[in-house]
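Below are the chains, spelled out letter by letter.
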Amino acid sequence: MSTSLDRLIETTQVLLWERGYAGTSPRAIQEQAGVGQGSMYHHFRSKAALAQAAEERSAAELIEEVRQLLDGPGDPLDRVLAYLRLERDILKGCRIGRLAADPEVVADHSLRKPLEDTFAWISTRLTGLLQEAQAGGQLQQGLDPRLLAATVLAVRQGGYVLARAASSTVPYEQAVEGLTALLTARRT
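Residues numbered from 1 in each chain as written. Predicted model: local features only at pLDDT ≥ 70, side-chain atom pairs only at ≥ 80, totals over all residues. Heavy atoms only, no water.

### Quick look at the packing of helix H7 (residues 109-135) against helix H8 (residues 145-166)
The condition that has to hold: Under this scheme, a helix contributes an axis fitted over its contacting stretch, all axes are lines through C-alpha atoms, and angles between N-to-C directions fall in the 0 to 180 degree range. By definition, any uninterrupted DSSP run of H or I lasting at least four residues is a helix, any uninterrupted run of E lasting at least two residues is a strand, and each is numbered from the N terminus. Orientation labels follow simple angle bins: below 35 degrees gives roughly parallel, above 145 gives roughly antiparallel, 65 to 115 gives roughly perpendicular, and whatever is left gives oblique. By the definition used in this description, the sense in which the near helix is turned from the far one sets the handedness, with an anticlockwise turn below a right angle giving left-handed and a clockwise turn giving right-handed. Any two residues whose heavy atoms approach within 4.5 Å at even a single point are treated as in contact. Classification convention: Asp, Glu, Lys, Arg as charged; Ala, Val, Leu, Ile, Met, Phe, Trp, Tyr, Cys, Pro as nonpolar; all other residues, Gly among them, as polar.
Between H7 and H8, the shortest axis-to-axis distance is 8 Å and the interhelical angle comes to 125°. As summarised for this structure, H7 and H8 are arranged oblique, according to the angle between their axes. When you trace H7 past H8, the crossing you get is right-handed. Each of Phe 119, Ile 122, Ser 123, Leu 126, Thr 127, Leu 130, Gln 131 and Gln 134 in H7 lies in contact with H8, whose residues at this interface are Pro 145, Arg 146, Leu 148, Ala 149, Val 152, Leu 153 and Gln 157. Each residue belonging to the contact of H7 with H8 can be placed in one class, and the counts come to nine nonpolar, five polar and one charged.

Encoded structure:
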């Protein structure tokens, strides 16, 4: 059985993903978590503190999922491509990436930091794999693996935005397949 602390964080994770920071009220968190105001403020001094805890948990979960994929078997370029194709609810987008569009999150360093740290970790790991792929002859020499890693992240996150705007997964899928074709051009 989960504790009131866990229920608060888990509920906030879901609400932040669905509604964003501004659309997530303390009352909604308390109602959906099944806890009272006193319990919420016993654990967290403010909505922002609870949101930060929820973001940190979402970030840790995402990093662990990506770590398993990127550190898994297969050649480095295949692992990057697997990351690009990682199954998601495309129209919901990324739990972390969606928060980057929230002005209140971006304006608050404590709320923005888990996003920054997550994307920096993923970018660093992708850069390393792309360097390995380049050293192994799978990727064209002269390309900057750091810039390619930024492109991989941008395609995933931007693809979610395009898909949501079109209410269709097609723009996301096209973006991923387009980048896949560019990354694998050397193999053909």
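### Some details on the confidence of the model for the chain
In plain terms, the rule: Per-residue confidence from the prediction method is given by pLDDT, with values spanning 0 to 100.
Here the chain averages 93 in pLDDT, and 98% of its residues register 70 or above. Of all the helices and strands in the chain, helix H3 (residues 37-43) carries the lowest mean pLDDT, 88, while H7 carries the highest, 97.

### Some remarks on the packing of aromatic side chains
This is how the line gets drawn: Two rings from Phe, Tyr or Trp (for Trp, the six-membered ring) form a pair when their centres are within 6.5 Å of each other. A pair whose planes differ by under 30 degrees is stacked, one over 60 is edge-to-face, and the rest are tilted. Charge over a ring is defined by NZ of Lys or CZ of Arg lying within 6 Å of the ring centre and within 35 degrees of the ring normal.
Scanning all chains against the criterion turns up one aromatic pair. Directly above the aromatic system of Tyr 21 lies the positively charged group of Lys 47, at a separation of 4.1 Å from the ring centroid. In this structure, Lys 92 packs its charged tip against the face of Trp 17, placed 4.0 Å from the ring centre.

### Some words on the nonpolar core
Where we set the bar: Nonpolar core, defined: a set of buried Ala, Val, Leu, Ile, Met, Phe, Trp, Tyr and Cys residues in which side-chain atoms within 4.5 Å join the residues together. Exposure categories follow from relative accessible area, calculated using a 1.4 Å probe and restricted to protein chains: below 20% of the type maximum is buried, above 50% is exposed, and the middle band is partly exposed.
In this structure, Leu 8, Tyr 83, Leu 84, Leu 126, Val 152 and Leu 183 are the most contacted members of the largest nonpolar core, which totals 49 residues. Take this core: its biggest share by element is nine residues, from helix H4 (residues 47-70). With sequence-adjacent residues up to four places away left out, Leu 8 is seen in contact with Ile 29, Ala 33, Val 35, Ser 39, Met 40, His 43, Phe 44 and Leu 50.

### A few points about the pattern of salt bridges
Oppositely charged side chains can form a pair if their charged atoms are brought close together. Applied cut-off: Between Lys or Arg on one side and Asp or Glu on the other, a salt bridge is scored when a side-chain nitrogen of the former is within 4 Å of a carboxyl oxygen of the latter.
Considering all chains together, one arrives at ten salt bridges under this definition. With a shortest N-O distance of 4.0 Å, Glu 132 and Arg 79 are connected by a salt bridge. Of this pair, Glu 132 sits in helix H7 while Arg 79 sits in helix H5 (residues 76-84), placing them 53 residues apart in sequence. Here Glu 132 falls in the partly exposed class, since its relative accessible area comes to 40%. A salt bridge links Arg 112 to Glu 116; its shortest N-O distance comes to 2.9 Å. On the criterion of helical spacing, the pair formed by Arg 112 and Glu 116 is a turn pair, its members being four residues apart in helix H7. We classify Arg 112 as partly exposed; its relative accessible area is 27%. You can call Glu 116 partly exposed: its relative accessible area is 39%. Residues joined by salt bridges that share partners form a network here, namely Asp 6, Glu 10 and Arg 57.

### Here's the deal with empty space enclosed by the protein
A probe matching the size of a water molecule, rolled over the atoms, marks out where space remains unfilled. Threshold: Cavity means a closed set of points on a 1 Å grid over the protein atoms alone, one where a 1.4 Å probe fits but cannot get out, pocket means an open set with protein on both sides within 12 Å along at least 5 of 7 lines, and lining means a residue has an atom within 4 Å of a point. Grid points are joined across faces, edges and corners, and a volume is the space filled by probe spheres set on the points.
According to the stated counting rule, one finds one cavity of 30 Å³ or more in the structure shown. The space that makes up the largest cavity amounts to roughly 50 Å³. Around the largest cavity, the lining residues are Leu 62, Val 66, Tyr 83, Arg 88, Cys 94, Phe 119, Ile 122, Arg 156, Gln 157 and Tyr 160. Elements with a minimum of two residues in the lining of the largest cavity: H4, H7 and H8. No other element matches H8, which puts three residues into the lining of the largest cavity. Broken down by class, the residue content of the lining of the largest cavity amounts to seven nonpolar, one polar and two charged.

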